[in-house]
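Single-letter residue listing:
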Amino acid sequence: MYRIGVVGPHLSVGRILDVAKEFEQMMEFIPYPYESFKNTPEIVLEHDHHVDVWLFSAQIPYRIARKTLGSDENMMHIQHSEASLYKCFLNMACELGTYMDRVSIDEIDTSDPEEAISQLENVPSQIYMKLYDEETDLKELLQFHLDLWNAGKTDGAITCFQFVYQSLREAGVPTYWISPTRMEIRKTLRILAEKVRTIYFKDTQIGVVIMEIEQFDKIAQKAKSPYHLQYQELRWKEALLRLCEKLDGSLLEKGYGRYVIFSSRGAIERELTMVQNTVFQLSLESETTAAVGIGFGETVFAAEVNARQAIQYSKEKAERGMIIVQENGTISESVGKEEITYSFRMDDKDLLEKLKKGNISVKTYNKIEALIRRMAWSDFTIKDLATHLYLDERNARRIVAMLCEVELAECIGEESNSTRGRPSKIYRLV
């Protein structure tokens, strides 16, 4: 059963858990209520290993969590629709006995309330809008509504925050809280259920890890005796068996310093740090480099083919790193402190023709494009590519020159260096 961490104000979390009872057969919901959305980072950092998916009551804590964890792959938020705003107007009319014609609203985007209100036949004559984001101080929002109320410019307020709602109510201001309706919650939970099924099938894919001690022949030649080499191989296998135990996998020895571990994708992805540590330990034990390639697939054959491809890519790199080839052929690898994902496939005929003309591989182009996208570069230099892709500058310059020749890149300027020498040219992909 998958564990879903529910994050939001106390009232919102309670409402979500109430609707979530309909989905308890396949998901376990764990509440993590907060007093302020500013508490989101500490919640997700402390409990991320306790849950499989995060569900947020609104967009702001979702954005904060995405920045904190660096990924939004296993998180969702409840998207407020027009129904949430209409509910506020309906509650106003019922409570006050009249239609509120002047109102202050705080929202994350002006387009949502404007579009919703434009569909009403009786549109309020005066609407004061205040936008907020992750950095907004809630006391600032509270003061915004209070100032308008005290100046006699509004008949009431609509807010997205429990703190602002409660504070305005205590001050005697007719206030209504934009909170998700049961229909919105139920719709999100249905999408979440599909996401969980996808995660399950993804987790249960076959995963294959291939590790290879390089220059094995030289190690064998340096060994004082065959027994000395066998003792060393036993130390390698001890480290690999500890990894296997963690992965619930099985170890197959291929000989000549090559080992294969069969497991599941979910287990391998959860223990990538231990995989890296094991590679590092094998390198220390053997006093040489160790390469690793990981492949995922729906069958053992497909996963092993991808793993062999991954380790080949790893051995081609000047700087050894972990390469993962997904079931669809997508490649993930580390560049510096970042991870990029790209493919060695392409279905753009015009682009393929240009790459062929420039003698540039699809893999190389996709790798450069993925790096630029991951690093959010608007432009780059030869040194940037060489540093992050572990290329020598001559090779990086040759690749960029060919990209420019076939009009896939262009030189847009120069940057002066503090040291002597010619200024570096600045490029961007077309």
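As a starting point, this report considers the structure included with it. (Residues numbered from 1 in each chain as written. Predicted model: local features only at pLDDT ≥ 70, side-chain atom pairs only at ≥ 80, totals over all residues. Heavy atoms only, no water.)

The next thing to look at is the pairing of strand β12 (residues 290-297). Burial runs high along β12: 8 of the 8 residues are buried. With 8 bridges connecting them, strand β9 (residues 206-213) and β12 associate as antiparallel partners. Residue pairing across strands places Ile-210 opposite Gly-293, the latter belonging to β12. In this sheet, strand β13 (residues 323-325) lies alongside β12 in parallel orientation, the contact comprising 3 bridges. Looking at β13, one finds that Ile-294 is bridged to Ile-324. (Buried < 20%, exposed > 50% of the residue type's maximum accessible area, 1.4 Å probe, protein only. Helix = DSSP H or I, 4+ residues; strand = E, 2+ residues; numbered from the N terminus. Pairing = 2+ DSSP bridges.)

This paragraph deals with the sheet that holds strand β7 (residues 156-159). If you trace the 4 strands from one edge of the open sheet to the other, you get β6-β5-β7-β8, paired in parallel fashion. Among the strands making up the open sheet, the edge pair consists of β6 (126-131) and β8 (175-177). Taking the axes of each pair of neighbouring strands and ignoring which way they run, one obtains an average angle of 15 degrees across the sheet. Where strand β5 (residues 102-107) lies against β7, 3 bridges are found, and the strand directions are parallel. Along β7, the bridge assignment pairs Ile-105 with Ile-158. On top of the sheet, helix α6 (residues 138-150) reaches β5, β6 and β7; it is set at about 170 degrees to β5, its chief contact. (Axes fitted to C-alpha atoms, helices over the stretch in contact; angles between N-to-C directions. Contact = heavy atoms within 4.5 Å.)

Take the sheet that holds strand β2 (residues 27-34) next. An order of β2-β1-β3-β4 is seen for the 4 strands of this open sheet, with the pairing classed as parallel. The open sheet is flanked by β2 and β4 (75-77), the only strands paired with a single partner. Between one strand axis and the next, the sheet turns through 20 degrees on average, direction left out of account. Of the pairings in the sheet, the one linking strand β3 (residues 53-56) to β4 comprises 3 bridges and is parallel in character. Each bridged residue has a counterpart across the sheet, and for Leu-55 the counterpart in β4 is Met-76. Along the sheet face, helix α1 (residues 10-20) touches β1 (2-9), β2 and β3 and points at about 145 degrees away from the line of β1.

For the structure shown, the criterion picks out 10 aromatic pairs. Between the aromatic rings of Tyr-32 and Trp-54, the centroid separation amounts to 5.4 Å while the plane-to-plane angle is 55 degrees, which identifies the pairing as tilted. One end of the pair, Tyr-32, is in strand β2; the other, Trp-54, is in strand β3, with 22 residues separating them in the sequence. The class for Trp-54 is buried, based on a relative accessible area of 1%. Centroid distance Phe-37 to Phe-161: 5.6 Å. Interplanar angle 40 degrees. Geometry classified as tilted. Placement of the pair is Phe-37 in the loop between β2 and α2 (40-47) and Phe-161 in the loop between β7 and α7 (162-170), with a sequence separation of 124 residues. Take Phe-37 and Phe-161: they sit in the same class, and that class is buried. Here a set of aromatic residues connected by ring pairs shows up, and it is made of Tyr-32, Trp-54, Phe-56 and Tyr-62. (Phe/Tyr/Trp six-rings, centres within 6.5 Å; stacked < 30°, edge-to-face > 60°.)

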